[in-house]
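# Summary of structural features
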Number of protein chains: 2
Amino acid sequence: MPAKPVNPDLQKERSTATFNTREFSVLWAGGEERFKEKKALEKMFLEDPALQDDLPISYLSHKELYEHSLRKACIIGEKIRKLRADGEDGVDTYNALLGGSLGAAILKEGNPLALHYVMFVPTIMGQGTMDQQVEWLSKAWDCEIIGTYAQTELGHGTFLRGLETRADYDASTQEFVINTPSLSAYKWWPGGLGHTANHAVVVAQLYTKGEFRGLAPFIVQLRDSDTHRPMPGIDIGDIGTKLGMKGVNNGYLGLKNVRVPLNNMLMKNQQVLPDGTYVAPKNSVLTYGTMMFVRCALIRDTAQSLAKASTIATRYSAVRRQSPIDPNQPEPQIMDHTTQQLKLFPQIAKAIVFKTTGDGIWNMYNVISGEIEQGNLDRLPEMHALSCCLKAICSADAAAGVETCRLSCGGHGYMDCSNFPTIYGMTTAVCTYEGENTVMLLQTARYLVKVYGQALNGEKLVPTVSYISDAINQTKFVNFDGSLRSIVKAFQFVAANKTRIAYEQIELRRKQGHGTEVAANLCGTFLTAAADLHGRAFLAQTAYTELLALSREVSPELAEVLKVVLELYLVDACLNRIGDFLRFIDLTDQDVTKLEVRLENCLKRLRPNAVSLVDSFDLHDRVLDSALGAYDGNVYEHIFESTKKNPLNKEPVNGAFHKYLKPFMKAHL
Amino acid sequence: MPAKPVNPDLQKERSTATFNTREFSVLWAGGEERFKEKKALEKMFLEDPALQDDLPISYLSHKELYEHSLRKACIIGEKIRKLRADGEDGVDTYNALLGGSLGAAILKEGNPLALHYVMFVPTIMGQGTMDQQVEWLSKAWDCEIIGTYAQTELGHGTFLRGLETRADYDASTQEFVINTPSLSAYKWWPGGLGHTANHAVVVAQLYTKGEFRGLAPFIVQLRDSDTHRPMPGIDIGDIGTKLGMKGVNNGYLGLKNVRVPLNNMLMKNQQVLPDGTYVAPKNSVLTYGTMMFVRCALIRDTAQSLAKASTIATRYSAVRRQSPIDPNQPEPQIMDHTTQQLKLFPQIAKAIVFKTTGDGIWNMYNVISGEIEQGNLDRLPEMHALSCCLKAICSADAAAGVETCRLSCGGHGYMDCSNFPTIYGMTTAVCTYEGENTVMLLQTARYLVKVYGQALNGEKLVPTVSYISDAINQTKFVNFDGSLRSIVKAFQFVAANKTRIAYEQIELRRKQGHGTEVAANLCGTFLTAAADLHGRAFLAQTAYTELLALSREVSPELAEVLKVVLELYLVDACLNRIGDFLRFIDLTDQDVTKLEVRLENCLKRLRPNAVSLVDSFDLHDRVLDSALGAYDGNVYEHIFESTKKNPLNKEPVNGAFHKYLKPFMKAHL
């Protein structure tokens, strides 16, 4: 609870809410128990003075920030140890502390130990034999060793077969000899690799008996366990400053004739025998599973980014007053400008829809990965296609939404004390990592085109693409009556037609003599457009199904609000792709105007609950870390407080005046 | 010329160009003479070792960056002094050094002295009487005093009448007493205000004889000219870290009973007599002039941002290889992926079109401001409306384009050594300063709606909006034959219809009983959409007219390339607003597919000249300051070099290991 009285404009907003924010907060947290756990964790971590910053980290140099981050990462690590000793099993807790909101509240530019917990340990668990797990896990679990995961290289990312790092097995000593054959083969990007980790899982091209065997993971010791000096043959360091994730200590790694014992290759899936005989893996489905898992998790993260950004911008827009609407009236809260509402409210709606979709696809992932474990791979391609395009769409929309929120706060959004720059840095990164967005859309599109061919052949399609068969049997979309259901159906019809066009364009180019792959490349922009609409149709459908289902479970007051959110989301999504709608569905100018007026109407209906909706996201002030977005709404006071911490302001006259400015000003006198 | 051999892929690109890059470079610079001047300035400034950085500034703390920036700013100031002493009149040179590419190459996060040159001095020139100019200008010109311009307040930006700072005239001492009555009245944002300037023009609400008189500018001494300590009653400092413009020393200022002599009010336009009698200004048109001037200049800046970003991304895309198109072939240059071309080439085209439009509107501004000086204000509203929406559109498109270029470079674009984060920070700022973009669009829209009413009354419209009359007389757009001319005409038809809808929606709400201003606010999103299309129609028209005119003046080879650029720009612009086209013009699904195939075709035709086009922008490696975008294309080498400068990498083991990590790792042993 805030110590200062709440800004009266913000107080007024809260008093006019038509629903109970706590009801929504509990729902958002995943139920009463989760809600209480969240509050307890926040208390434990955010009230610890050792984890608070006297000086905002934006004032630190890169080197200072690293040292600061490592200090806090070790405190968090120590707390995790204690929690574990107390019997806390921890998976949710670790996620919250390392990747989630809570982690971001403590180390907003990332944790240099995070990859140890979320990649190094899980890789050993997933790819090590039982014996290897016994050998390495206890050390890793206790943080006796700190590891990271080194796969991407300076010159190679998406295309794994292009990796250059190589491991040659030397049967005479039963060792692998690992080398970085060129500059572009340097490992690049792994978090914590720079100066933190002393071990890494290094992914390399395996050669045994002089033959190439494909990629394999090796545990490599990078630094001496006592002195932390780089081991012989290891060239290692920090890759430098970045747009965001500034505290992560992303590193580079070159290896020169680094020898590791046979047993350092993780051998659960493939083996090298002492004599160099290679035993190939049975299948590579498991890797798909991990990637899907990560992408599903990222969809939830994008919802969290939007929740943060929209909370800050909405609270600020309730407090900030500017530009009279009626020249005879005082300046209104800027949230009363319709143009401002159009910037903010769709982001709130997207936060809710992405969260709902993220939860939904998470459940779907669990069902399907259960099926996979039982050897049923039927739904794997469908799930893969869906997770790819949703990762791309949600991250791109979230990044754009964060910037829309920032820009809606005018100049003040540009200040680091708004926290928008950091939120953007973290959010836009999702567009690139774990599968670059365009690559993701192309993967989805390849699936869609294949499925389209099956549908043409009359084959029955799996649930999430069955709308394609429907559209093939329906040359014209009828009955667009503007109902939410018909908007969802129209989205599917439009998506099916975008896939049709991509399919037809590829066929056309094949008939012109191009091979399938070249034809697909020529049609790249048709393909990404089809995948985009597939994902958006799924989002529309999920929003419709899930939010209506939810509204049947909650109080009538909250149900009303959720329905406005749903309508706003769908009408806005439709208008954002109106070109595609008009292309495939007979709509008149007046129909479009009607949708636009309806959007305006949705904004008006959401307006009284805007602040309470973002309050319901229940983001702790430390999570928001924003002078513009604090719960108490004392925006100008918080901004002003932040300037008092600025090291430049600790001295009335900066030394550079005497050194440079005064001599310059007096030079001609 | 680069010392290292050029990357062979980049060399190959250059050798396949179909036109002479120097011809285009000269054109881009504004003629042979300007081209030579540019080269001479680059030599003078960029080869001076005192103006080079050993350490990339992204590694500095905020305080260090300020001191570093002030040092360089003083060196630049000294050089400007010398140039002036040598008889260089300087306006272009100052602009290049303080705001342009050259300035950005020396001080990429901005110059804390810039506002002294570009706002303080010009304000005295524009608003001071002859006597005041004599008194202040020589001191300011010689940098004996350093000034800034303080208008915006913590709680007040766009709406100037809302400013709170007040100046009360005390006739007994012939002084003004200036006060900051509240926290939200603190001056906020002025560059150099924090610790650099010792004077400022402070804009305040003027009261004389107890009566309110409106805004007036006052010269206020902020700091002692010798000790640089803040003067009595002055509360001053740096506002803190920001998304960009990190070296500008943006400051805050509170005034408590600060007394300045009568003559410190700039009195060219309005006067206060010694007894407190107030003489009001004749008209406020001159202020409009300055704002238009600045906005026209900003349009050129956005072209420069796109030129920089597209140069970096295009060169990188020629060097980077990834993901085979044909699985049997090696990884291609990523520029061969059609999806990558769609990211890059439209940004190149926009850079050229925005530059052309910026030049065109600059000439238009000069003509119209000449008319204004002769008392002819006829074209002022038209010019104002145009400069507002173009500022908004070009800045928004440029910021989005920079991000598209950054994302097209994958993870490497996220590193500061790519220079994208800085370019984005500088570019997105333009969306907010000198008129926030939504406010700008609303200003344009208000003009359009007024003009629409005039057209309905049969009044003759001025040239840039005459298409509205045409559309009123034409219920249906016929003859969309896909020619470039018909795309331009269609853009105008669509724009006119967007204005029609905004007009009709306002009328509808007025009939429902709302006042005009409230009705306009309700229709805010219709209004901004209309202004957006107005600006885009103007850009399409200008691109068409100017680039075709240009192509008649240049070699046939260059003319061919310019025509491809024009076609790409227009087809892409049309597809980006295809919803509006389909709404008002009868186009079929097949028509749209045809446009999409044509876009693909434009990309293919531009492909062989892409690198040479960006080479023609002739951006010095220091201006680009990018490991990804250097002329020699040795991308991986440059990235690697940048890590060698990283202070973290100067020690094999960081001190934080001994302090935090080792105790943590060994805690349980």
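Just above sits the structure.
Source: prediction; values computed, not measured.

Take the overall build of chain A next. Along chain A, the regular secondary structure elements total 24 helices and 11 strands. For 669 residues, the compact-globule formula gives about 26 Å, and the C-alpha radius of gyration of chain A, at 27 Å, lands near that figure. Its C-alpha atoms give chain A principal-axis dimensions of roughly 90 × 80 × 65 Å. Burial status across chain A gives 62% buried among its 669 residues. Looking at chain A as shown, the accessible area adds up to about 25,100 Å², and 53% of this sits on carbon and sulfur atoms. Side chains of chain A carry 71 positive and 75 negative charges; the gap between the two charge centres is 3 Å.

An ideal rise of 1.5 Å per residue puts 40 Å on 28 residues; helix α15 (residues 484–511) of chain A measures up with 41 Å between its terminal C-alpha atoms. By the criterion of burial, α15(A) is predominantly enclosed, with 21 of the 28 residues buried.

For the match of chain B to chain A, the screw axis carries a shift of 0.0 Å, the RMSD comes to 0.0 Å, and the turn is 180°. Considering both components of the superposition, the chain copies are consistent with a two-fold axis. Distance from the rotation axis, computed per C-alpha, reaches its smallest value in chain B at Gly579(B): 1.7 Å. A share of 100% of the interface residues of chain B reappears at the interface of chain A, consistent with the copies meeting face to face through the same patch.

The next point concerns the interface of chain B and chain A. Taken residue by residue, the interface counts 142 residues in chain B and 142 residues in chain A. The interface formed by chain B and chain A includes 16 salt bridges. Run the count over chain B and chain A and you get 60 residue pairs in polar contact (both at pLDDT 80 or more). Looking at the side of chain B that touches chain A element by element, the count peaks at 11 residues for helix α4 (residues 62–85) of chain B. When the residues that make up the side of chain B that touches chain A are grouped by side-chain class, the tally is 58 nonpolar, 46 polar and 38 charged.

Looking now at unusual backbone geometry. Its identity as a non-glycine residue notwithstanding, Asn479(A) has a phi of 65°, on the positive side. Of note, Asn479(A) is situated in the loop between α14 (466–472) and α15. Of note in this structure, Asp625(B) is not a glycine but carries a positive phi near 50°. Here Asp625(B) falls in the partly exposed class, since its relative accessible area comes to 36%.

Bringing a negative patch on the surface into the picture now. There is a patch of like negative charges on the surface, built from Glu33(A), Glu37(A), Asp86(A) and Glu88(A). As for its placement among the helices and strands, Glu33(A) is situated in helix α3 (residues 32–46).

A pair of packed helices is captured by two measures, namely the crossing angle of their axes and the spacing between those axes. Contact geometry for helix α10 (residues 338–373) of chain A and helix α17 (residues 524–553) of chain B: axes closest at 7 Å, N-to-C directions at 90°. By the criterion of interaxial angle, the relationship of α10(A) to α17(B) is roughly perpendicular. Judged by residue contacts, Thr338(A), Thr339(A) and Leu342(A) of α10(A) engage Gly524(B), Thr525(B) and Thr528(B) from α17(B). Broken down by class, the residue content of the contact of α10(A) with α17(B) amounts to 1 nonpolar, 5 polar and no charged.

Residues and elements named next belong to chain B. Reading across from one edge, β4-β8-β7 is the order of the 3 strands in this open sheet, with antiparallel pairing throughout. The open sheet terminates on both sides in strands that have one partner only, identified here as β4 (187–188) and β7 (234–238). Bridge count between β4 and strand β8 (residues 251–255): 2 bridges; the pairing is antiparallel. By the bridge assignment for β8, Trp188 is matched with Tyr252.

It is worth spelling out the side chain of Thr356(B) at this point. Relative to the helices and strands, Thr356(B) resides in helix α10 (residues 338–373). Filtering out sequence-adjacent residues up to four positions away, Thr356(B) remains in contact with Glu546(B) and Leu547(B).

Here is what the cut-offs are and how they apply
Just so you know, the residues in each chain are numbered from 1, in the order the chain's sequence is written. In the order they appear in the text, chains get letters beginning with A and ligands get numbers beginning with 1. In keeping with the model being predicted, local features are shown solely for residues with a pLDDT of at least 70 and side-chain atom pairs are shown and tallied solely at 80 or more, while totals for entire chains, interfaces and linings include all residues. The side-chain figures draw on all heavy atoms in the structure; neither hydrogens nor water molecules are used. Runs of E in the DSSP output that reach at least two residues are strands. Runs of H or I that reach at least four are helices, and both are numbered from the N terminus. Radius of gyration here uses only the C-alpha atoms, and the compact-globule reference equals 2.2 Å multiplied by the residue count raised to the power 0.38. Residue exposure (1.4 Å probe, protein chains only): buried if accessible area is under 20% of the type maximum, exposed if over 50%, otherwise partly exposed. Here, Shrake-Rupley sampling with a 1.4 Å probe gives the accessible areas, and only protein chains in the shown set may cover a residue. Working convention for charge: Lys and Arg count positive, Asp and Glu count negative, and His plus the chain ends are omitted. All charge positions are set by atom: Lys at NZ, Arg at CZ, Asp at CG, Glu at CD. Expected helix span is given by 1.5 Å per residue-to-residue step, counting one fewer step than there are residues. When the copies are superposed, the least-squares fit draws on C-alpha atoms of residues that have pLDDT of at least 70 in both. Residues count as neighbours in contact if any of their non-hydrogen atoms are within 4.5 Å of one another. Note on definitions: salt bridges are taken to be side-chain nitrogens of Lys or Arg within 4 Å of carboxyl oxygens of Asp or Glu. The definition of a polar contact used here is a pair of N or O atoms within 3.5 Å, where within protein one atom must be able to donate a hydrogen and the other to accept one, and adjacent residues in sequence count solely through side-chain atom pairs. For this classification, the nonpolar set comprises Ala, Val, Leu, Ile, Met, Phe, Trp, Tyr, Cys and Pro, the charged set comprises Asp, Glu, Lys and Arg, and every other residue, Gly included, is treated as polar. Within the patch definition used here, like charges are joined within 9 Å and nonpolar side chains (Val, Leu, Ile, Met, Phe, Trp, Tyr) within 5 Å, considering only residues with over 30% relative accessible area and no salt bridge. In this analysis an axis means a line fitted to C-alpha atoms, helices contributing only their contacting stretch, and an angle means the value between N-to-C directions, from 0 to 180 degrees. Angles below 35 degrees are treated as roughly parallel, those above 145 as roughly antiparallel, those between 65 and 115 as roughly perpendicular, and all remaining angles as oblique. Two strands make a pair as long as DSSP finds a minimum of two bridges between them.

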